[in-house]
Protein chains: 2
Amino acid sequence: MTSEKSVPSRLETLCVEKGLKMTDQRRIIARVLSEAQDHPDVELLHKRAAEIDPGISLATVYRTVRLFEEASILERHDFGDGRARYEEARDDHHDHLIDIQSGRVIEFTNNEIEQLQHRVAAELGYKLVGHRLELYAVPIDKNGSGESEIPKGKPRIVGGGA
Amino acid sequence: MTSEKSVPSRLETLCVEKGLKMTDQRRIIARVLSEAQDHPDVELLHKRAAEIDPGISLATVYRTVRLFEEASILERHDFGDGRARYEEARDDHHDHLIDIQSGRVIEFTNNEIEQLQHRVAAELGYKLVGHRLELYAVPIDKNGSGESEIPKGKPRIVGGGA
DNA sequence: CTAACTGCAAACGGTTTGCTATTAT
DNA sequence: ATAATAGCAAACCGTTTGCAGTTAG
């Protein structure tokens, strides 16, 4: 089976450029990822993909996501809730602030921090090759906030020494 | 069975202050943790505890680290290799630089970064309650480095967008 | 005395993998 | 044609938990 319809997603195009074999399921998963505005976990990706093609298996989602990650077109995150969360790799680097009340994830960049990280590494005799910076925070504005982005499960609060 | 020998470890003292029931196995685990200079995972803690009392079960180690963590006298870290790593909670806050070649973990503090984190959160309308900052780096000095602190397993490199 | 603890083994939840049929190229 | 893939179910691995016997306070 080929085609189905419509314009290729950004991720699909990248896949083709990288010479990856494009199956229907990969195309669907690529589309779901490209269209995601949040940071879905595998279960959620599978659910969304299954809405398009109910036959897609969880194993395929896992394999595809790993493939995409290895192709550097997808970023995997671990926000401390046990499952891996994914985000299409774009050229703009950013870190994340996690609202521990709603689970919402906000992206941000701060160049001063970036540079300080390089400096710190250098002072210790190292060359920085990667980093992870997550801010866990609560809204200042005191209202009952909104819907949760985190699917389910027991978070067991992360961080604590701010 | 009580006693065995010697001076209480710092963690044991803290446990007693917190009113925790002190069993032999807890005392041993507390001692192992207090004497650790590295960031051991549960398996390693169990191995070290078992050298003192071969009867200690893995389940007990898991239950004890969870108990200690909840009592805020132990810090749990996740350096991206799947297992949890532990470190006695001291009053000095610090972040970690992970040498991805040797697995060694170096602690550091940088007040500028700390303050910038608060500022970033504030600008987004949030109050910072915790954070996670890990630098993944390689030694500048080009030599075959040293022994690994990471037990085993497949790390699957973390980070990448520095 | 008794609530809390330990060891054991079974259960768990996210993720990986062996196998066989299917498919992109 | 043929090497790579998808689906399924079983395996994995770190971690948790139910149960029955033991122990600290």
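Keep in mind it's a predicted model, so treat the numbers as computed, not measured. Residue numbers restart at each chain and count upward from 1, following the sequence in its written direction. Each chain takes a letter, starting from A, and each ligand takes a number, starting from 1, following the order in which they are written. A pLDDT threshold of at least 70 governs which residues receive local features in this predicted model, and a stricter bar of 80 or more applies before side-chain atom pairs are shown or counted, although totals over entire chains, interfaces and linings include all residues. Side-chain metrics rest on all non-hydrogen atoms present in the structure, leaving aside hydrogens and water.

Draft legend 1. How the structure looks around the packing of helix 2 (residues 24–35) of chain B against helix 3 (residues 42–52) of chain B. All names here are of chain B. Interaxial angle, 0 to 180 degrees, is taken between N-to-C directions of lines fitted to C-alpha atoms, where a helix line uses only the stretch in contact. A run of H or I in DSSP counts as a helix once it spans at least four residues, and a run of E counts as a strand once it spans at least two, with each numbered from the N terminus. Contact pair helix 2 / helix 3: the axes reach a minimum separation of 9 Å and the direction vectors enclose 120°. The angle between helix 2 and helix 3 places the two elements in the oblique class. Where helix 2 crosses over helix 3, the handedness of that crossing is right-handed. For the pair helix 2 and helix 3, contact is made by I28, I29, V32 and L33 and by L45, R48, A49 and I52, respectively. In what follows, roughly perpendicular refers to angles from 65 to 115 degrees, roughly parallel to angles under 35, roughly antiparallel to angles over 145, and oblique to any angle outside these ranges. Handedness of a crossing follows from how the near helix is turned relative to the far one, being left-handed for an anticlockwise turn of less than a right angle and right-handed for a clockwise one. Here, residues are in contact when the closest pair of their heavy atoms is within 4.5 Å.

Draft legend 2. Spatial organisation of the relation of the copies chain A and chain B. Alignment of the copies relies on least squares applied to C-alpha atoms, considering only residues that score at least 70 for pLDDT in both. Of the transformation superimposing chain A on chain B, the axial component is 0.0 Å and the angular component is 180°, with the fit at an RMSD of 0.1 Å. These values place the two chain copies in the arrangement generated by a two-fold rotation axis. For chain A, the residue whose C-alpha comes nearest the rotation axis is L133 of chain A, separated from it by 2.3 Å.

Draft legend 3. Focus on the interface of chain A and chain B. Contacts between chain A and chain B engage 44 residues on the former and 45 residues on the latter. Throughout, the accessible surface (probe 1.4 Å) given up by two parts as they are put together, summed over both, is called the buried area. Between chain A and chain B lies a buried interface of about 4,100 Å² when both sides are counted; carbon and sulfur atoms form 61% of it. The salt bridge definition used is simple: a Lys or Arg side-chain nitrogen within 4 Å of an Asp or Glu carboxyl oxygen. Where chain A touches chain B, the interface holds two salt bridges. Residues E134 of chain B and R132 of chain A are paired through a salt bridge, measuring 3.1 Å at the closest nitrogen-oxygen approach. Listed by contribution, the elements that provide at least two residues to the side of chain A that touches chain B are helix 4 (58–70), strand 3 (95–99), strand 4 (105–108), helix 5 (111–123) and strand 5 (126–139) of chain A. Tallying contributions element by element places strand 5 of chain A first for the side of chain A that touches chain B, with 14 residues. Here the residues of the side of chain A that touches chain B are counted per class, giving 21 nonpolar, 11 polar and 12 charged. The nonpolar class holds Ala, Val, Leu, Ile, Met, Phe, Trp, Tyr, Cys and Pro. Asp, Glu, Lys and Arg form the charged class, and all remaining residues, Gly among them, are polar.

Draft legend 4. The sheet that holds strand 5 (residues 126–139) of chain B, seen in detail. In spatial order, the strands read 4(A)-3(A)-5(A)-5(B)-3(B)-4(B); together these six strands make up an open sheet with mixed pairing. Here the strands that pair on one side only, and so sit at the sheet edges, are strand 4 of chain A together with strand 4 (105–108) of chain B. The average angle at which neighbouring strand axes cross in this sheet is 25°, direction not considered. Where helix 5 of chain A meets the sheet, it contacts strand 3 and strand 5 of chain A together with strand 3 (95–99), strand 4 and strand 5 of chain B, and its direction lies at approximately 135° from that of strand 5 of chain A. Packing of helix 5 (residues 111–123) of chain B onto the sheet brings it into contact with strand 3, strand 4 and strand 5 of chain A together with strand 3 and strand 5 of chain B, and relative to strand 5 of chain B it is tilted by some 135°. Only strands that DSSP links by at least two bridges are regarded as paired with each other.

Draft legend 5. Seen up close, the environment of R31 of chain B. Residue and element names in this part refer to chain B. Here R31 lies in helix 2. Buried residues are those whose accessible area, probed at 1.4 Å on protein chains only, stays under 20% of the maximum for their type, while exposed residues exceed 50% and partly exposed ones sit between those limits. The partly exposed category is assigned to R31, whose relative accessible area is 21%. R31 sits 21 residues away from R10 along the chain, and the two C-alpha atoms are 7.8 Å apart.

Draft legend 6. Region of the structure containing the pairing of strand 4 of chain A. Residue and element names in this part refer to chain A. Where strand 3 meets strand 4, four bridges bridge the pair, whose relative direction is antiparallel. Along strand 4, the bridge assignment pairs H96 with E107. Connecting the antiparallel pair strand 3 and strand 4 is a turn made up of five residues, with G103 showing a positive phi of about 85°.

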